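Structural overview
Here is what each chain is made of, one letter per residue.
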Amino acid sequence: MTPLSSNPFIVPREILDKYNTAGPRYTSYPTAPEWRDDVRLDEALAIIDANNRERADVPLSLYVHLPFCHKLCYYCGCNMLVTKKQDLVERYLAALFVEIDHVANRIDASRRKVVQIHWGGGTPTYLNSEQITRLFNKLTSRFELLPDAEVSLELHPPVTSFEQLETLKRLGFNRVSMGIQDFDPDVQQAVNRIQPYEQTRDLIAKCRELGFISVNTDLMYGLPHQTLEKFKKTLSLVETIRPDRIALFNYAHVPWLKKHMSMIKEETLPGPDEKLEIFEFAIADMLRQGYHYIGMDHFALPENELSTAQADRSLRRNFMGYTTCLDSDLYSFGVSSISDLDRAYLQNTRNVNDYIEWMKTAEVAVKRGMVLSDDDRLRREVINRLFCILVVEKSVIETQFGITFDDYFAKELKALEPLAEDGLVVLTPSEIQVTPRGQILLRNIAMHFDAYLAKTAPGERRFSKTI
Ligand SMILES: C[S@@+](CC[C@H](N)C(=O)[O-])C[C@H]1O[C@@H](n2cnc3c(N)ncnc32)[C@H](O)[C@@H]1O
Ligand code: SF4
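Our focus in this paragraph is the site of ligand 1. Lining the immediate surroundings of ligand 1 are 20 residues, of which Tyr75, Gly77, Gln181, Arg193 and Asp218 lie closest. Taking 570 Å² as the accessible area of ligand 1 by itself, protein coverage stands at 88%. Among the elements of the structure, β5 (145–155), β6 (175–181), β7 (214–221) and β8 (245–250) are those that each provide at least two residues to the shell around ligand 1.

This is the structure in structure tokens:
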């Protein structure tokens, strides 16, 4: 393996310390704290109608949130609900069908074809094969799926059967993503998630046999009882499976927001030095295994579409993660889901019962959101390019938005000069290029293009640490 000192992704400690501040992950810009909490339903409908008018020829991406889980993983930060109530699941599906109908009624689905579908959770494979089929058929009866669309879902290996995989493949799903986190038995015990290696290996082998194009697995560092030695073992087991993509997440421990996280005792968490060692080792090891380091926390095999899309500068990112689909509007269904439209974000209520109640009378269940100004859209594009293709070509932005980049962003370019001195970016007359070192600190680079952060008093917004 390349020694850590000569690995370009390893950031010297003094630079890490300098930049290890709290910062947004920029899954959206403007970030969620800037959105309004009081979006009226008629406003939301007007936004959807305007989007359909202005973007009549732009394709669609569709997201469905399925919040249910069988068992609680104590680290879980997702919007999920542990339940055994099948009647609740059925009522939720009925509400989803109503929402899909109402939104579809406002969209010209014959012109706006679907390039991407993703089901996230929670655990979408909480649904049995019959429910999966019913939901998929509902979506595709109202929206037209293109033959080469990306159709993916998140699954939880301990509750996913071969029969469900066969159903998914038959319906047209072609990519899957699943959590591993860590294979170590002590770590699994401490987070209440028992997931044997053999089970995950066999499930992935089945995905391949069925012909799924891409399998992603999630790993997490910073979990209780994790050590570098144990994580090395996990990485060597993952190597035998060789997922097409790997997401490596930093565990966000926020018990003040998610009460169940207090089941994890603080004293069992690895300290900052051990966490950093795990992170640095994991990067080096995945490079050794042949993965490309795509962005903040994503890796992909060289032949995987994420790597090729990054190389040809077509990679994009939305709430569903990295994607190779070019310009599309994302319409989302279900509790807490976020629609990402050209000029607006709309987020549904986060409470499952409220969602089911609302959908009995209302056309949408939107609670939060924001209409984007021209400046928001411009900055969103710059940030997206930094995160996805690691370069901002000034001329592309100038053509798209009718500005002179160096004038519009004079202050930001000046502010990036110290980052250039620290080797995070290269500033050329025509481009801003992110270096390998800068890839680790992408949030710090993007923060300079965030017009809201500059107006926020220190401590007013609570974000996780950038590394
Ligand atoms: C919806 S879950 C994955 C699908 C499925 N429910 C499962 O657990 O396998 C999405 C991923 O988010 C990550 N995640 C969950 N809670 C997190 C937290 N507190 N901090 C960082 N990542 C987290 C995990 O890696 C998890 O696999
Ligand atoms: S990690 Fe996955 S399975 Fe575990 S509680 Fe969260 S959403 Fe459910």
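Now that the structure has been shown, we can carry on.
Within this structure, the stated rule accounts for 17 aromatic pairs. When the ring of phenylalanine 9 is compared with that of tyrosine 293, the centres are 4.9 Å apart and the planes differ by 70 degrees; the resulting orientation is edge-to-face. Within this pair, whereas phenylalanine 9 is found in the segment before α1 (13–19), its partner tyrosine 293 is found in strand β9 (residues 292–293), the two being separated by 284 residues in sequence. Of the two residues, phenylalanine 9 and tyrosine 293, neither departs from the other in class, the shared state being buried. Relative to phenylalanine 333, the ring of phenylalanine 143 lies with its centre 6.3 Å away and its plane at 50 degrees, an arrangement referred to as tilted. Of the two residues, phenylalanine 143 is situated in the loop between α4 (129–142) and β5 and phenylalanine 333 in strand β13 (residues 329–333); the sequence distance between them amounts to 190 residues. Here the two residues phenylalanine 143 and phenylalanine 333 agree in accessibility, since each one is buried. Ring-pair connections join several aromatic residues into one group, and the members of that group are Phe68, Tyr92, Tyr126 and Tyr355. It is arginine 317 that lies over the ring of tyrosine 322; its NZ or CZ is 5.9 Å from the centre. Just above the ring of phenylalanine 387 sits the side chain of arginine 317; from NZ or CZ to the centre is 4.3 Å.

What follows covers unusual backbone geometry. The omega angle of the peptide bond from tyrosine 29 to proline 30 is -5 degrees, so this bond is cis rather than trans. With respect to the helices, strands and loops of the structure, proline 30 is situated in the loop between α1 and α2 (41–54). At the junction of glycine 121 and glycine 122, the peptide bond is cis and its omega measures out at 15 degrees in the coordinates. With respect to the element layout, glycine 122 can be found in the loop between β4 (114–121) and α4. Phi at glutamine 181 is positive, roughly 75 degrees, even though this residue is not glycine. Position of glutamine 181 among the secondary structure elements: in strand β6. In this structure, arginine 242 is a non-glycine residue whose phi angle is positive, near 50 degrees.

Conventions used here
- Residues numbered from 1 in each chain as written.
- Chains lettered and ligands numbered in written order.
- Predicted model: local features only at pLDDT ≥ 70, side-chain atom pairs only at ≥ 80, totals over all residues.
- Heavy atoms only, no water.
- Near = heavy atom within 4 Å.
- Areas by Shrake-Rupley, 256 points an atom, 1.4 Å probe, with all protein chains shown as cover.
- Helix = DSSP H or I, 4+ residues; strand = E, 2+ residues; numbered from the N terminus.
- Phe/Tyr/Trp six-rings, centres within 6.5 Å; stacked < 30°, edge-to-face > 60°.
- Buried < 20%, exposed > 50% of the residue type's maximum accessible area, 1.4 Å probe, protein only.
- Lys NZ or Arg CZ within 6 Å of the ring centre and 35° of its normal.

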